[in-house]
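A look at the structure
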Amino acid sequence: FIHRVSNDSLNLSGNYTVISKEAFSYSSIKDIIVKAPVSCIQESAFKECGDIESVIFTGTTGNSEIVSEDSLDQSLKSSIMKIDSEDTFTIQKDAFKNCTKLVTVMLPETKKIVIEKDAFYSCESLRTVVAVADACEFSGNPFENCSQNITFICRENSEVAKFVREYGYKSVYV
């Protein structure tokens with residue numbers, strides 16, 4: 001079920017596997033905590049949510065503690081959602097477009113992550129992306145028009161690390 005803790009936070013739990021196209025676009029949500037086994041965030045699901053600051057996938061453990069960037073690499077293993085290793089997690093085009101206050105995205109650990117072009121377009125405050133999937137497929141640069149100061153927390157020899165080097169972002173390896 002969907003449970004709003006306050007007008008600013010969205011907790012999504014239950015058996016949801018898809019966040020539908022434009023489901024929360026133009027809303028005033030600040031923080032999103034996903035405890036459901038979501039495998040797809042469809043096109044424009046959170047588009048123009050200018051107040052979103054963090055998107056965290058915690059699985060069903062209830063561990064939704066948000067930590068500072070300095071300690072993130074030490075504690076991320078206990079807070080990353082583990083999806084069945086056969087699953088693919090997809091973020092479609094424009095899913096978080098113009099979420100200008102978005103600072104942190106913590107993606108679930110899964111076999112494969114697919115992030116489509118412009119998924120995070122103009123998320124100019126984005127600073128930390130945690131992506132430790134076994135495989136990752138990018139359509140162009142999903143982080144187009146974002147700051148170059150994004151730090152990706154990823155595996156050293158992963159496709160995410162290759163993407164980070166190709167586009168000149170920073171990385172921290174786990």
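Up top is the structure.
Right, let's walk through the structure included here. (Residues numbered from 1 in each chain as written. Predicted model: local features only at pLDDT ≥ 70, side-chain atom pairs only at ≥ 80, totals over all residues. Heavy atoms only, no water.)

**Concerning the packing of aromatic side chains**
Enumeration according to the criterion identifies 13 aromatic pairs in this entry. Both rings, one in Phe-46 and one in Phe-96, keep their centres 5.1 Å apart while their planes meet at 5 degrees; by these two values the pair is stacked. You can see Phe-46 sitting in the loop between strand 5 (40–41) and strand 6 (54–57) and its partner Phe-96 sitting in the loop between strand 7 (88–91) and strand 8 (104–106), a full 50 residues away along the chain. Each member of the pair Phe-46 and Phe-96 is classed as buried. Taken together, a centroid distance of 6.0 Å and an interplanar angle of 25 degrees make the contact between Phe-163 and Tyr-169 stacked. Phe-163 gets classed as buried once you look at its relative accessible area, which sits at 4%. (Phe/Tyr/Trp six-rings, centres within 6.5 Å; stacked < 30°, edge-to-face > 60°. Helix = DSSP H or I, 4+ residues; strand = E, 2+ residues; numbered from the N terminus. Buried < 20%, exposed > 50% of the residue type's maximum accessible area, 1.4 Å probe, protein only.)

**Regarding unusual backbone geometry**
Phi is positive for Glu-22, close to 60 degrees, though the residue is something other than glycine. Within the secondary structure, Glu-22 sits in the loop between strand 3 (18–19) and strand 4 (31–34). For Ser-122, which is not a glycine, the phi torsion comes out positive at approximately 60 degrees. Residue placement: Ser-122 occurs in the loop between strand 9 (112–115) and strand 10 (128–130).

**Considerations on the nonpolar core**
Membership of the largest hydrophobic core comes to 45 residues, with the highest contact counts inside it found for Ile-41, Phe-46, Phe-96 and Phe-143. For this core, the elements supplying multiple residues, two or more each, are strand 2 (9–12), strand 4, strand 6, strand 7, strand 9, strand 11 (135–138), strand 12 (151–154) and helix 2 (159–167). Considering each element in turn, this core owes the most residues, four residues, to helix 2. (Core = buried A, V, L, I, M, F, W, Y, C linked by side-chain atoms within 4.5 Å.)

**Points about the pairing of strand 6**
Side-chain direction in a regular strand flips from residue to residue, so the side chains alternate between the two faces of the sheet. Taking every second residue as pointing to the same face, both faces of strand 6 are buried, with Ser-54 and Ile-56 on one and Val-55 and Phe-57 on the other. Direction of pairing for strand 4 relative to strand 6: parallel, over a ladder of four bridges. The residue bridging Ile-33 from the neighbouring strand is Ile-56, located in strand 6. Relative to strand 8, strand 6 is paired through three bridges, and the arrangement is parallel. Its bridge partner lying in strand 8, Val-55 is registered against Val-105. (Pairing = 2+ DSSP bridges.)

**Concerning helix 2**
The complete set of buried residues in helix 2 reads Val-160, Ala-161, Phe-163 and Val-164. Looking straight down helix 2, one finds that the buried residues subtend no more than 160 degrees of arc, so they occupy a single side. Residues of helix 2 that are exposed and angled more than 90 degrees away from the buried face: Lys-162, Arg-165 and Glu-166. Its buried side turned inward, helix 2 meets strand 11, strand 12 and strand 13 (170–173). Positive phi shows up at Gly-168, right after helix 2, with a value of about 80 degrees. (Arc of directions from axis to C-beta. Contact = heavy atoms within 4.5 Å.)

**Describing the environment of Ser-122**
We classify Ser-122 as buried; its relative accessible area is 8%. Expressed as a C-alpha distance, the spacing of Ser-122 and Cys-146, which sit 24 residues apart in the sequence, is 5.0 Å. Residues within four places of Ser-122 in sequence aside, it is in contact with Asn-98, Cys-99, Thr-100, Glu-144, Asn-145 and Cys-146. At 2.6 Å, the side chain of Ser-122 forms a polar contact with the side chain of Asn-145. (Polar contact = N/O pair within 3.5 Å; in protein donor to acceptor, adjacent residues only side chain to side chain.)

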